[in-house]
Amino acid sequence: MQYRHSFHAGSFADVHKHVALLALLAALQRKQGGFLYLETHAGRGAYDLTRPRTEATRAAHSALARLAASSPATAEVRHYLAQLQLLRAHLNNANAYPGSPLLAAAQLRPQDRAVLLEIVPSEARALVRTLRGYGSAHVAEADGFERLRAYLPPRERRSLILIDPPYEAREDFESVAAACEEALRRLRSAVIAAWYPIKDARTTSAWLARLAGRIDCENTVSEWWLYPRDSRVSLNGSGLLILNPPYQFAARMHLWLAELHAAFNSAATGGVSIRTLTTPA
């Protein structure tokens, strides 16, 4: 598998992840106290969609344009589209797509801060350039799985952690599980969003079932697929495991994810699932 940020930038999986990320940031900012936003696999922070790399991403870009031209009903989708337009203007590129580091950095208040970890030197340097002017965001060239523990617990005592590796190695699923356990051990109240690809539903369902016995906190599993979950498409679906989700986060996700699905599911082959780890898939 290979799900590098640049390869799938602007895809339906990115939209799933980024609407959720902005909603999580907004939920944490309902309290006055600051928090640490920590990302383990940050990428370069911004991508040019002039030449989408796959048919799936080309279709997603068309769906995203249709969605932007419509009148979304949910506040979460409207906020995502507004941020997309603002950051394209900031980047002076109508074909740009902001990655999660830039989306997050643009939301931070003076009392919040971000630590963005990226192991690939060229990507880390590009991220520093992308985030120029965002003084609350610090980029570190490091292995996100290895360096995670160094930043927890944060001085703010609150944290939102995004774990989003490229899944190039078979052990990445286990590394994500271990990172979730380590983060919770160091900060029990940490809000964690772990993204994972859905290519074979049996594989991801088995992984989640094993994880259910290792994670003891409130959680939400959100899955969105546009193709049969056992087909040969490179990326059939997008999964998000959210640990310690904010109050009523899952209820709101039911609404905005249904809206996204209606806009993107032109082939009528997909579906949506929102559940907890202890509920069978």
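Residues numbered from 1 in each chain as written. Predicted model: local features only at pLDDT ≥ 70, side-chain atom pairs only at ≥ 80, totals over all residues. Heavy atoms only, no water.

A. A look at the packing of helix α3 (residues 75-91) against helix α9 (residues 249-264). Contact geometry for α3 and α9: axes closest at 8 Å, N-to-C directions at 60 degrees. What the angle tells us is that α3 and α9 run oblique. Together, A75, E76 and V77 of α3 and R252, W256, E259 and L260 of α9 make up the contact between the two elements. Among the residues forming the contact of α3 with α9, the class breakdown is four nonpolar, no polar and three charged. (Axes fitted to C-alpha atoms, helices over the stretch in contact; angles between N-to-C directions. Helix = DSSP H or I, 4+ residues; strand = E, 2+ residues; numbered from the N terminus. Parallel < 35°, antiparallel > 145°, perpendicular 65-115°, else oblique. Contact = heavy atoms within 4.5 Å. Nonpolar A, V, L, I, M, F, W, Y, C, P; charged D, E, K, R; others polar.)

B. Geometry of the sheet that holds strand β9 (residues 237-243). Spatial ordering of the open sheet is given by β5-β4-β1-β6-β7-β9-β8-β10, a layout of eight strands whose pairing is mixed. Two strands in the sheet have a free side with no partner beyond their single neighbour: β5 (137-141) and β10 (271-275). This sheet shows a mean twist of 15 degrees between the axes of neighbouring strands, independent of strand direction. Two elements, strand β1 (residues 36-39) and strand β6 (residues 159-163), share four bridges in a ladder whose sense is parallel. Across the sheet, residue L36 finds its bridge partner in β6, namely S159. In the packing of helix α8 (residues 201-212) onto the sheet, the strands contacted are β7 (191-198), β8 (219-225), β9 and β10, and the crossing angle to β7 comes to about 155 degrees. Sitting on the sheet, α9 is in contact with β8, β9 and β10, with an inclination near 5 degrees to β8. (Pairing = 2+ DSSP bridges.)

C. Fine view of unusual backbone geometry. The omega angle of the peptide bond from L152 to P153 is -5 degrees, so this bond is cis rather than trans. Considering the arrangement of structural elements, one finds P153 in the loop between α6 (144-147) and β6. One non-glycine residue with positive phi stands out, namely R157, at about 70 degrees. Tracing the backbone through its elements, the reader meets R157 in the loop between α6 and β6. One non-glycine residue, Q248, adopts positive backbone phi at about 60 degrees. Residue Q248 is classed as partly exposed on the basis of its relative accessible area of 48%. (Buried < 20%, exposed > 50% of the residue type's maximum accessible area, 1.4 Å probe, protein only.)

D. Focus on the packing of aromatic side chains. Applying the stated criterion across every chain, the model contains six aromatic pairs. Ring geometry for F173 against W207: centres 5.1 Å apart, planes inclined by 65 degrees, an arrangement best described as edge-to-face. Placement of F173 in helix α7 (residues 172-186) and of W207 in helix α8 is noted, with a sequence separation of 34 residues between them. Residue class for F173 comes out buried when judged on its relative accessible area of 10%. Under the relative-accessibility criterion, W207 is labelled buried at 3%. What links up through ring pairs into an aromatic cluster is the set Y167, F173, W195, Y196 and W207. The ring of W195 has K17 lying over it, and the distance from NZ or CZ to the ring centre is 5.5 Å. Above the plane of the ring of W225 lies R229, whose end atom (NZ or CZ) is 3.8 Å from the centre. (Phe/Tyr/Trp six-rings, centres within 6.5 Å; stacked < 30°, edge-to-face > 60°. Lys NZ or Arg CZ within 6 Å of the ring centre and 35° of its normal.)

E. Main features of the nonpolar core. Among the nonpolar cores identified, the biggest contains 92 residues, and Y37, L260 and F264 are the most heavily contacted of them. Counting residues per element, this core draws most heavily on helix α1 (residues 12-28), at eleven residues. With residues up to four places along the chain from it excluded, the contact list for L260 reads V15, V19, L67, V77 and W224. (Core = buried A, V, L, I, M, F, W, Y, C linked by side-chain atoms within 4.5 Å.)

F. Representation of the pattern of salt bridges. All chains considered together, the criterion is met by 16 salt bridges. R149 is the partner of E182 in a salt bridge, and the nearest nitrogen-oxygen pair spans 3.9 Å. In this pair, E182 is assigned in helix α7 and R149 in the loop between α6 and β6, connecting sequence segments 33 residues apart. E182 sits in the buried class, given a relative accessible area of 18%. For E182, the salt bridge goes to R185, with nearest N and O atoms at 3.1 Å. Of this pair, E182 and R185 both sit in helix α7, three residues apart, which is roughly one turn of that helix. Overlapping salt bridges, with partners in common, bring together E146, R149, E182, R185 and R186 in one network. (Salt bridge = Lys/Arg side-chain N within 4 Å of Asp/Glu carboxyl O.)

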